[in-house]
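Here are the chains, one letter per residue:
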Amino acid sequence: GITNGTTWEWDSARTLACLIGGVLCLLLAVVRTIRHREPAFEISLFRANRLFTAANLVALLYGTVVYTWLLASVLFLSDIWRYSELEAGLAQTPGAVVAAIGAVVMGKVMARFGGPRFSAVLGMALHAVVPLYLIFALTSEPSFLEIWLPSSVFVGFGIGATMMAAMSAGPMAAPSTQFASVGRLNNTARQIGGGLRVGMPIPRRW
């Protein structure tokens, strides 16, 4: 419903049916989990463990930022700088490579210093500062080497740092018997964040 709301119209019957149905299914899943003698996931972890709750909140915010960046940046490259689809994809590649490197580097940093907090703060700071800089720095004239490439490198490192923090903090804060379900929940939070933001109309004020 969120993904297709703009196409279907937000007040159309099928959009409302999907949104209402999704909320009802979520409530049903929560009630079922609370009442089940051996639930697949312990809801009480949200109340009992602040680190676990923070990890999923970071994952949700991470999804809203990363998926929006991936969509908006490609639209900018293709619509404003007139890059072809292949050129726009290649322009995104350095950031993706640096994201993988950043995840590895921050994983080692977390292992050495004992926690994901620094990695999460660094990643979210880069997510905030670099796009803000691009709002003022980008023009309709292409400037890949001067502006886009270094910005993509910093954003990519922020993506890797935040992803590593969010994916590590949740399982670290939960019992080992909940490892699989906690990992799936963290991934779901990230996907929901992406769906919530990408599904909404993006103001096209380049």
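Note: the structure precedes this text.
Residues numbered from 1 in each chain as written. Predicted model: local features only at pLDDT ≥ 70, side-chain atom pairs only at ≥ 80, totals over all residues. Heavy atoms only, no water.

Colleague: Got a minute to help me understand the side chain of T68 in this structure?
Modeller: Among the structural elements, T68 can be located in helix α4 (residues 50-79). There is a polar contact of 2.4 Å between the side chain of T68 and the backbone oxygen of T64. In this structure, T68 is in contact with G63, S73, R197 and V198, ignoring residues within four places of it in sequence. (Helix = DSSP H or I, 4+ residues; strand = E, 2+ residues; numbered from the N terminus. Polar contact = N/O pair within 3.5 Å; in protein donor to acceptor, adjacent residues only side chain to side chain. Contact = heavy atoms within 4.5 Å.)

Colleague: I would appreciate a short explanation of the packing of aromatic side chains in the present structure.
Modeller: In this description, a pair of aromatic rings is defined by centroid distance and the angle of the planes. Scanning the entire structure with this criterion turns up 5 aromatic pairs. For the pair F76 and W148, a centre-to-centre distance of 6.1 Å together with 5° between the ring planes defines the contact as stacked. In this pair, F76 sits in helix α4 while W148 sits in helix α7 (residues 144-173), placing the two residues 72 residues apart along the sequence. Given the relative accessible area of 4%, F76 is considered buried. Pairing W81 with Y83 gives two aromatic rings, centres 5.8 Å apart and planes at 50°, and the pair type is tilted. We classify W81 as buried; its relative accessible area is 5%. For Y83, a relative accessible area of 18% corresponds to the buried category. (Phe/Tyr/Trp six-rings, centres within 6.5 Å; stacked < 30°, edge-to-face > 60°. Buried < 20%, exposed > 50% of the residue type's maximum accessible area, 1.4 Å probe, protein only.)

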